[in-house]
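# An overview of the molecular structure
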Protein chains: 2
Amino acid sequence: MSKKNMIVGQSGGPTAVINSSLYGVVSEGLRHPEEIGQVYGMVNGIEGFLNDTILDFQEALPGEKLDLLKITPGAYLGSCRYKLPESLEDPVYPRLFEKFAELNIGWFFYIGGNDSMDTVSKLSRYAQKTGSDIRVIGEPKTIDNDLVHTDHTPGFGSAAKYVASTVREIILDANVYEKKSVTIIEIMGRHAGWLTAASALARKYPGDNPLMIYLPETSFDTESFLEKVQAGFEKNCNVVVCVSEGIHDDKGTFICEYDNSVGTDSFGHKMLAGCGKYLENLVRSRLGVKARSVEFNVSQRCSASMLSATDQQEAAAAGCFGVQAALKGETGKMVSFIRKETKDGSYQMECGLEDVNDICNAEKTVPRQWINEDGTDVTDEFIAYARPLIQGKVDVPLGEDGLPAFVYRK
Amino acid sequence: MSKKNMIVGQSGGPTAVINSSLYGVVSEGLRHPEEIGQVYGMVNGIEGFLNDTILDFQEALPGEKLDLLKITPGAYLGSCRYKLPESLEDPVYPRLFEKFAELNIGWFFYIGGNDSMDTVSKLSRYAQKTGSDIRVIGEPKTIDNDLVHTDHTPGFGSAAKYVASTVREIILDANVYEKKSVTIIEIMGRHAGWLTAASALARKYPGDNPLMIYLPETSFDTESFLEKVQAGFEKNCNVVVCVSEGIHDDKGTFICEYDNSVGTDSFGHKMLAGCGKYLENLVRSRLGVKARSVEFNVSQRCSASMLSATDQQEAAAAGCFGVQAALKGETGKMVSFIRKETKDGSYQMECGLEDVNDICNAEKTVPRQWINEDGTDVTDEFIAYARPLIQGKVDVPLGEDGLPAFVYRK
């Protein structure tokens, strides 16, 4: 096979280490000049590529500048939420592959979650159908940790560490006063509760806050919740509760939709408050105690302040592994993580490959046996699973302005 | 004067460095065994002291454990919001001073903001009135930076650094997509906009986001805001705007109160949404673009992830200075910061003392000349003032659990 160029893109929501995956792909690509010519990036994913917005990494991030990707959150290349048509007969496919041919692309890497793996699936199937020798590889990414056939996903470890450490700080903040108070923390996760479950890592001793943790994997019962809060005051006058944004009742109604009078703004548009705000109001009105809610919001996915070294290294390693796999002729695969059994029980991870078609339309939730019987906490099995993923510290260098020296795309 | 014991308390809301101030007071106290006997802490401030909840630092945090205070956010001793009666004839004063006598207290230190300085004022005036030789010293603390007669307050630098770095991360997150979007970031500060002003430090180049910054020091006009957002799209398709929670219109009505249909919950209690949520809805409905809002909430005051080394060192230095001043016989004073003029323009700070009575009932807001004419940004003078306060990195050690090794009170 003659020398070809490679291209890499990012898609879906950003994470703290999606750029570490990018670093892994690009740096490994540059390490094989005998097989790989130019290393291109598509700006704003496949949608941007269709509009010819690409960059050359050796121009954009020469030399050591590339290293800064590892500490920069967000998606350096920009992202998109563009879904390729289901029918491979759609004219967008020949258009894409003509562009690949023009740029002499032989290797295509796409970093993202479920929807991005759908893109990898379609492109690899179209390549196979048309006899193109382009290798198409998916690199996993999501804070939600909801991809199947992989032990976990890059991005989850750092998001989990952010959640656990921020919950620990909020516990300290809540403990300052001796008056009864309830703090509701709302954490991302509409269908999968992995990230909310990570709040259990914040506990410093058995019985520490958060006293309750509610995931979308089980039904949420308002009255039982209020009873538990009331009972919690016997342990701690400051009760901290963590909830997934996607908690719902046994009929499947999201708790954030419970109150149809959450209100409309002065233009008649519905004001949406999260379930945290709803529960805060519920606690205040029903239990008559001080209540507040905190919504973690986008910092869960874009903060570099609590990078997990394990997560960062694994993201970069998965990037490298994907390039090596493509060079060996693999295509239509996603890089996965396989946790090894070790004699001393220490954590060890290996990369593997999975058929991307098995991944793109499935969703992995927290196993029911990792949630306690009444759905108010996670078990020690979850802790044992998650604890290794948040280990290790990353030193984020500060610039002269006193702030993290992130790298920006011009 | 024969050897006496000292006691220290914390009051009001926590900050990232209120425990560094405590470290300064306690470590300096322990350094003077010839004059100072026991070093006590009051648990939950003056209110807890009245209930006899005190601890001995040499038992609670022996040896190097004391050092962990410097990286632990929240208030180690716990806090209170207890206001001493205005009349010094109130029986609580002799009760307090009897307790002081029982414990042989000669030195009293109180770390806090405006309200805490009110406590310092009353206790020192009562001591003077009754001929007690107890020295009463206030240690400044507030993320709001609103104390008068001091260049700035411990706690502001770290909160400002948290705000600036988190805004920078959210800018990266917002830039990921190429679709028009508006992000409203709501930052603490009901009357003083110092912390919101610090979001200007996030900019990496002139014209970078946040495109607009609104403080409570000027009036907020909704129509003008919408026009500015619309105009902002010409510079950047992702517009980020930072607002103080306390922004208000020219009649003094808070923007968060604008919409009287923000709604009531199902129990008839009013649901309060912040001004960020209100503006998010306004932008979406009036401009028809994607909008989101982020409320920084308590992490601004309790996150150790973005400690400013300058802030941390100054907090500890102010703590030491207060103890030294008390040993010299000072009382009824608050430790202040005085910025020195230097030949090379470098930043240099010295501690001073101010009459606590001049401080406890005043509030310092951002000077009008540090805000641009139309009230949508801060000037370079503010940047020059604030930039030195966020400098320097603090290494927060992680424990075996992978999370910051904060010290807890048992």
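Each value, and the rule that gives it
Residues numbered from 1 in each chain as written. Chains lettered and ligands numbered in written order. Predicted model: local features only at pLDDT ≥ 70, side-chain atom pairs only at ≥ 80, totals over all residues. Heavy atoms only, no water. Pairing = 2+ DSSP bridges. Helix = DSSP H or I, 4+ residues; strand = E, 2+ residues; numbered from the N terminus. Axes fitted to C-alpha atoms, helices over the stretch in contact; angles between N-to-C directions. Contact = heavy atoms within 4.5 Å. Salt bridge = Lys/Arg side-chain N within 4 Å of Asp/Glu carboxyl O. Buried < 20%, exposed > 50% of the residue type's maximum accessible area, 1.4 Å probe, protein only. Expected span 1.5 Å × (residues − 1). pLDDT = per-residue confidence, 0-100. Buried area = accessible area lost by both parts, 1.4 Å probe. Polar contact = N/O pair within 3.5 Å; in protein donor to acceptor, adjacent residues only side chain to side chain. Disulfide = S-S within 2.5 Å. Core = buried A, V, L, I, M, F, W, Y, C linked by side-chain atoms within 4.5 Å. Parallel < 35°, antiparallel > 145°, perpendicular 65-115°, else oblique. Least-squares fit on C-alpha atoms with pLDDT ≥ 70 in both. Phe/Tyr/Trp six-rings, centres within 6.5 Å; stacked < 30°, edge-to-face > 60°. Lys NZ or Arg CZ within 6 Å of the ring centre and 35° of its normal.

This part takes up the sheet that holds strand S9 (residues 290-295) of chain A. Residue and element names in this part refer to chain A. The strand order S7-S8-S6-S9 describes an open sheet built from four strands, whose pairing is parallel. The open sheet has two edge strands with one neighbour each: strand S7 (212-214) and S9. Taking each pair of neighbouring strands and ignoring which way they run, the sheet shows an average axis angle of 15 degrees. Two elements, S7 and strand S8 (residues 238-244), share three bridges in a ladder whose sense is parallel. Bridge pairing in S8 links Ile-213 to Cys-242. The strands touched by helix H6 (residues 156-174) within the sheet are strand S6 (181-187), S8 and S9, with S6 carrying the most contacts at an inclination of about 165 degrees.

What follows concerns the pattern of salt bridges. All chains considered together, the criterion is met by 40 salt bridges over all chains. Among the ionic pairs, Glu-245 of chain A bridges to Arg-190 of chain A, the shortest N-O distance being 3.7 Å. Placement of the pair is Glu-245 of chain A in the loop between S8 and helix H9 (275-287) and Arg-190 of chain A in the loop between S6 and helix H7 (194-197), with a sequence separation of 55 residues. Linking Lys-393 of chain B and Asp-395 of chain A is a salt bridge whose minimum nitrogen-to-oxygen distance equals 2.6 Å. Of the two residues, Lys-393 of chain B sits in the segment after helix H12 (380-386) while Asp-395 of chain A sits in the segment after helix H12 (380-386), which places them in two different chains. The exposure class of Asp-395 of chain A is exposed, given its relative accessible area of 57%. Via salt bridges that share partners, Lys-83, Glu-86, Asp-118 and Lys-122 of chain A belong to a single interconnected network.

The next thing to look at is H9 of chain A. Note: α-helices contain 3.6 residues per turn, so residues at a spacing of three or four share the same orientation. Residue and element names in this part refer to chain A. The terminal C-alpha atoms of H9, which comprises 13 residues, lie 17 Å apart, in line with the 18 Å expected from a rise of 1.5 Å per residue. Close packing links the buried residues of H9 with S6, helix H8 (222-232), S8 and S9. Gly-288, located one to two residues past H9, shows a positive phi value of around 65 degrees.

Residue and element names in this part refer to chain A. Sheet architecture is open: seven strands sit in the order S3-S2-S1-S4-S5-S10-S11, paired in mixed fashion. Strand pairing shows two members of the sheet lacking a second neighbour, strand S3 (54-56) and strand S11 (349-355), which therefore form its edges. Looking at each pair of strands side by side, their axes are set apart by 30 degrees on average, direction ignored. Looking at chain direction, strand S1 (residues 4-10) and strand S4 (residues 105-112) are connected through six bridges and run parallel. Within S4, the residue paired with Gly-9 across the bridge is Tyr-110. Packing of helix H11 (residues 309-327) onto the sheet brings it into contact with strand S2 (36-42), S4, strand S5 (135-140), strand S10 (333-339) and S11, and relative to S11 it is tilted by some 50 degrees.

Residues and elements named next belong to chain A. Averaged over every residue, the pLDDT of chain A is 94; the share at 70 or more is 96%. Here residues 260-266 is modelled with pLDDT under 50, and outside its nearest four sequence neighbours on either side it reaches 26 contacts, counting other chains as well. For this predicted complex, the interface score ipTM comes out at 0.94, alongside a pTM of 0.95.

Taken residue by residue, the interface counts 78 residues in chain A and 77 residues in chain B. Across the chain A to chain B interface the summed buried area is about 6200 Å²; carbon plus sulfur atoms make up 56%. When the buried area of chain A at its contact with chain B is split by residue, Glu-169, Tyr-177 and Tyr-408 of chain A rank highest and sum to 11% of it. Linking chain A with chain B are six salt bridges. The interface formed by chain A and chain B holds 36 residue pairs in polar contact (both at pLDDT 80 or more) in total. Looking at the side of chain A that touches chain B, the elements that each hand over two or more residues are H6, H9, S9 and helix H10 (299-302) of chain A. Per element, the largest residue contribution to the side of chain A that touches chain B is ten residues, and it comes from H6 of chain A.

Under the counting rule described, the total for this entry stands at zero disulfides over all chains. Considering cysteine sulfurs only, Cys-80 of chain B is the nearest to Cys-237 of chain A, which forms no disulfide, with 14 Å between them. By relative accessible area, which is 22% here, Cys-237 of chain A ends up partly exposed.

Further remarks concern the nonpolar core. In terms of nonpolar packing, the biggest core is built from 84 residues, with Leu-195, Phe-296 and Phe-382 of chain A together with Leu-195, Phe-296 and Phe-382 of chain B touching the most fellow members. Sequence-distant contacts of Leu-195 of chain A, that is, excluding residues within four places in its chain, are made with Ile-143, Phe-156, Ala-159, Ala-160, Val-163, Ile-187, Met-188 and Gln-300 of chain A. Within the second largest apolar cluster, 34 residues are counted, among which are Tyr-23, Ala-316, Leu-327 and Met-349 of chain B.

Let us now look at the packing of helix H4 (residues 92-102) of chain A against helix H5 (residues 114-130) of chain A. All names here are of chain A. The geometry of H4 relative to H5 is characterised by a closest axis approach of 11 Å and an angle of 80 degrees between their N-to-C directions. Relative to H5, the element H4 lies roughly perpendicular. For the pair H4 and H5, the contacting residues are Tyr-93, Pro-94, Leu-96 and Phe-97 in the first and Lys-122, Leu-123, Tyr-126 and Ala-127 in the second.

The subject of this paragraph is the environment of Gln-391 of chain A. One can find Gln-391 of chain A in the segment after H12. The sequence separation of Gln-391 of chain A and Ser-308 of chain A amounts to 83 residues, and the corresponding C-alpha distance is 5.7 Å. Not counting residues within four places of it along the chain, the set of residues in contact with Gln-391 of chain A comprises Lys-161, Ser-308, Ala-309 and Thr-310 of chain A together with Glu-400, Asp-401 and Gly-402 of chain B. At 3.4 Å, the side chain of Gln-391 of chain A and the backbone oxygen of Asp-401 of chain B are in polar contact.

With that out of the way, let us pick up the relation of the copies chain A and chain B. Of the transformation superimposing chain A on chain B, the axial component is 0.0 Å and the angular component is 180 degrees, with the fit at an RMSD of 0.0 Å. On this basis, the relationship between the two copies can be described by a two-fold rotation axis. The overlap is high: 99% of the interface residues of chain A also sit at the interface in chain B, so the same surface is used on both sides.

Aromatic ring pairs are described here by two measures, namely the spacing of the ring centres and the angle between the planes. Counted according to the given criterion, the structure contains 38 aromatic pairs over all chains. Summarising the aromatic geometry, the rings of Tyr-214 of chain A and Phe-225 of chain A are spaced 5.9 Å apart at their centres and angled 70 degrees between planes, so their arrangement reads as edge-to-face. Within this pair, whereas Tyr-214 of chain A is found in strand S7, its partner Phe-225 of chain A is found in helix H8, the two being separated by eleven residues in sequence. Here Tyr-214 of chain A and Phe-225 of chain A have matching classes, each one buried. The interplanar angle of 35 degrees and the centroid separation of 6.3 Å between the aromatic rings of Phe-57 of chain B and Tyr-76 of chain B together place this pair among those described as tilted. In this pair, Phe-57 of chain B is assigned in helix H3 (residues 57-60) and Tyr-76 of chain B in the loop between H3 and helix H4 (92-102), connecting sequence segments 19 residues apart. Summarising the burial analysis for this pair, Phe-57 of chain B and Tyr-76 of chain B share the class buried. Members of the aromatic cluster, connected to one another through ring pairs, are Phe-49, Tyr-93, Phe-97, Phe-100, Phe-108, Tyr-110 and Tyr-126 of chain A. Taking the ring centre of Tyr-23 of chain A as reference, the NZ or CZ of Lys-70 of chain A above it sits at 4.5 Å.

The peptide bond linking Asn-209 of chain A to Pro-210 of chain A adopts the cis configuration, its omega dihedral lying at -5 degrees. Within the element layout of this structure, Pro-210 of chain A appears in the loop between H7 and S7. Not every positive phi belongs to a glycine, and Asn-297 of chain A is a case in point at roughly 60 degrees. The residue Asn-297 of chain A is located in the loop between S9 and H10 in this model. Phi at Asn-104 of chain B is positive, roughly 55 degrees, even though this residue is not glycine. Structurally, the position occupied by Asn-104 of chain B is in the loop between H4 and strand S4 (105-112). Taking relative accessible area as the criterion, Asn-104 of chain B reaches 32% and is therefore assigned partly exposed.

Below, the discussion takes up the pairing of S6 of chain A. Consecutive side chains along a regular strand alternate between the two faces of the sheet. Residues and elements named next belong to chain A. Here S6 lies mainly inside the structure; seven of its seven residues are buried. Bridge count between S6 and S8: seven bridges; the pairing is parallel. The residue bridging Glu-186 from the neighbouring strand is Val-243, located in S8. Relative to S9, S6 runs parallel, the two being bridged by six bridges. In the strand pairing of S9, Ile-184 is matched with Ser-293.

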